[in-house]
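Here is how the chains run, residue by residue.
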Amino acid sequence: MSDLVYLNGAYLPLAEAKIPVLDRGFIFGDGVYEVIPVYDRRPFRLDHHLQRLQHSLDGIRLANPHSEAEWAALIAPIVEAADWDDQGVYLQVTRGPAPRDHAFPEECRPTVFIMAMPLSATPAEVVEQGVAAITAEDNRWLRCDIKAIALLANVLLRQLSVDQGCAETILLRDGLLTEGASSSIFIVKDGVIAAPPHSHLVLPGITYDVVVELAAQEGLSLVQRDISEAELCNADEIWLTSSTKEITAVTRLDGKAVGDGRPGPLFRRIHAAYQAYKHQVMRGRGLAPGVEEGGR
Ligand code: PMP
């Protein structure tokens, strides 16, 4: 059954999953979430995602309702029941239902929700041709390291690119690159890969970390440092990364070609390395050298 979800201790069809309207997730966006890619029904880097969930929960001062082992056990039936071998598992924890008041309720009953979504492979033409993106001022709050369900700024920023027929909005704060509305961003200049370091201004991307590891494994130069707007606009290559989009080349930025307008040579190398890593680790064909095992 593809629409099985988990809600507060029970597995049930999506249509039967209901929460009280006074849930603080609904009223205040008071909650956090994770999206875990699952390949061949094996969660990818589940431990990293659960550690990031802990970081997000700590950031909003909400006790984790489950241990890592409990989370893995809760997720497993959802993964097994889904129609797709490759999935994105979405999980969300809110501060639960309470009379409407900004201050935390004295007694907190968190709401825990888990569902699976299909994870479609990036179309071949997107890998071959890349995607277009626009830039915009990053007007989000200053705790973007928390994977908060309050995503209104991200939603509005992402829609700007949809309105222009583009795949992503790349964000700049005070003249420096932060990330995409729903992705991490890398640039390449003169053979060197660069990405903004993890900080309170960006989500610590799990795919970002994989790319950093794969670059080292491939012997490529990668620096984590501040990147100016001018460097972004003059980059030879731009990539976006996320759990659902993996690694995609950005070949047009604000209507202008990035480099020669085609995915660059380092994109091709890192994309191939990512696919090989994914297949080796997740399809059970042994570990990629130098890279730790992901999954449950
Ligand atoms: N930054 C933002 C704002 C995101 O929403 C996402 C993914 N949804 C990412 C970065 C990439 O994170 P990950 O690689 O863990 O999916």
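On to the pattern of salt bridges. Under the criterion given, the structure shown has 14 salt bridges. Among the salt bridges present, the one from Asp85 reaches Arg41, with a minimum N-O distance of 3.0 Å. Taken together, the residues Asp85 in the loop between helix H3 (68-81) and strand E5 (87-94) and Arg41 in the loop between strand E3 (31-39) and strand E4 (42-43) connect sequence positions 44 residues apart. Using a relative accessible area of 41% as the deciding quantity, one classes Asp85 as partly exposed. The exposure class of Arg41 is buried, given its relative accessible area of 18%. Three or more residues joined by partner-sharing salt bridges are found here, namely Asp138, Arg140, Arg173 and Glu179.

Moving on, we come to the domain arrangement of the protein chain. What the domain assignment lists for the protein chain is domain 1 (4-118) and domain 2 (124-282). Between the C-alpha centres of domain 1 and domain 2 there is a distance of 26 Å. Between domain 1 and domain 2, the contact holds 25 residues from the first and 22 residues from the second. Interface area, domain 1 with domain 2, both sides summed: about 2,000 Å², of which 62% is carbon and sulfur. Counting the contacts that link domain 1 with domain 2 gives 1 salt bridge. Of the charged contacts, one joins Arg45 and Glu213 as a salt bridge, the two residues approaching to 2.7 Å between their closest N and O atoms. The tally of links between domain 1 and domain 2 comes to 8 residue pairs in polar contact (both at pLDDT 80 or more).

Turning our eyes to something else, we now look at the environment of Pro263. Mapped onto the elements of the fold, Pro263 is located in the loop between strand E15 (256-257) and helix H8 (265-282). The spacing of Pro263 and Val250 is 13 residues in sequence and 7.4 Å in space, taken between C-alpha atoms.

Next up on the list: the pairing of strand E2 (residues 10-13). Across 4 bridges, the pairing between strand E1 (residues 4-7) and E2 is antiparallel. For Leu4, the partnering residue across the bridge sits in E2 and is Pro13. If you look at the hairpin formed by E1 and E2, you'll find 2 residues sitting between the two strands, and Asn8 has a positive phi there, around 45 degrees.

Below, the discussion takes up the site of the ligand. For the ligand, the set of nearby residues contains 17 residues, the closest of which are Arg52, Glu179, Ile206, Thr207 and Ser243. Contact distances for the ligand include 3.4 Å between a nitrogen atom and a side-chain N or O atom of Lys147. The protein chains hide 91% of the 390 Å² of surface that the ligand would expose on its own. Sorting the residues of the shell around the ligand by element identifies strand E9 (176-180), helix H6 (206-217) and strand E13 (237-242) as the ones contributing at least two each. Along the lines of polarity and charge, the residues of the shell around the ligand split into 3 nonpolar, 10 polar and 4 charged.

What follows is about a nonpolar patch on the surface. On the surface, Ile19, Val21, Leu22 and Phe26 cluster together to form a nonpolar patch covering roughly 400 Å² of accessible area. Relative to the helices and strands, Leu22 is located in the loop between E2 and helix H1 (24-28). Assessed through its relative accessible area of 39%, Leu22 is described here as partly exposed.

Let us look at the confidence of the model for the protein chain. It should be kept in mind that the predicted coordinates are not to be read in detail where pLDDT is low. Of all residues in the protein chain, 95% have pLDDT values of 70 or greater, and the mean over the chain is 95. Segment residues 285-296 is flagged for pLDDT under 50; beyond a separation of four residues in sequence, or across chains, it makes 39 contacts in the model.

Turning next to the packing of aromatic side chains. What the rule picks out here adds up to 7 aromatic pairs. For the pair Tyr33 and Tyr90, a centre-to-centre distance of 5.6 Å together with 25 degrees between the ring planes defines the contact as stacked. A residue pair is termed long-range when its members are at least 10 positions apart, and Tyr33 in strand E3 and Tyr90 in strand E5 qualify at 57 residues. Among the residues examined, Tyr90 registers a relative accessible area of 15% and is labelled buried. Taken together, the ring pairs in this structure connect Tyr39, Phe44, Tyr274 and Tyr277 into an aromatic cluster.

A few words on unusual backbone geometry. Phi at Arg41 is positive, roughly 65 degrees, even though this residue is not glycine. In this structure, Asp174 is a non-glycine residue whose phi angle is positive, near 50 degrees. Note that Asp174 resides in the loop between strand E8 (168-173) and E9. Given the relative accessible area of 70%, Asp174 is considered exposed.

On to the state of the cysteines. Tallied over the entire structure, the rule returns 0 disulfides. This cysteine, Cys166, is not joined by any disulfide, and Cys233 carries the nearest cysteine sulfur, 14 Å off.

Here we come to a negative patch on the surface. A contiguous patch of negative charge, built from Glu137, Asp174, Glu229 and Asp254, is present on the exposed surface. Mapping Glu137 onto the fold places it in strand E7 (residues 131-137). The exposure class assigned to Glu137 is partly exposed, which follows from its relative accessible area of 47%.

Each value, and the rule that gives it
- Residues numbered from 1 in each chain as written.
- Predicted model: local features only at pLDDT ≥ 70, side-chain atom pairs only at ≥ 80, totals over all residues.
- Heavy atoms only, no water.
- Salt bridge = Lys/Arg side-chain N within 4 Å of Asp/Glu carboxyl O.
- Helix = DSSP H or I, 4+ residues; strand = E, 2+ residues; numbered from the N terminus.
- Buried < 20%, exposed > 50% of the residue type's maximum accessible area, 1.4 Å probe, protein only.
- Domains from an automatic or database assignment.
- Contact = heavy atoms within 4.5 Å.
- Buried area = accessible area lost by both parts, 1.4 Å probe.
- Polar contact = N/O pair within 3.5 Å; in protein donor to acceptor, adjacent residues only side chain to side chain.
- Pairing = 2+ DSSP bridges.
- Near = heavy atom within 4 Å.
- Areas by Shrake-Rupley, 256 points an atom, 1.4 Å probe, with all protein chains shown as cover.
- Nonpolar A, V, L, I, M, F, W, Y, C, P; charged D, E, K, R; others polar.
- Patch = residues over 30% accessible without salt bridge, like charges linked within 9 Å, V, L, I, M, F, W, Y side chains within 5 Å.
- pLDDT = per-residue confidence, 0-100.
- Phe/Tyr/Trp six-rings, centres within 6.5 Å; stacked < 30°, edge-to-face > 60°.
- Disulfide = S-S within 2.5 Å.
- Lys, Arg positive; Asp, Glu negative; His and termini not counted.
- Charge placed at Lys NZ, Arg CZ, Asp CG, Glu CD.

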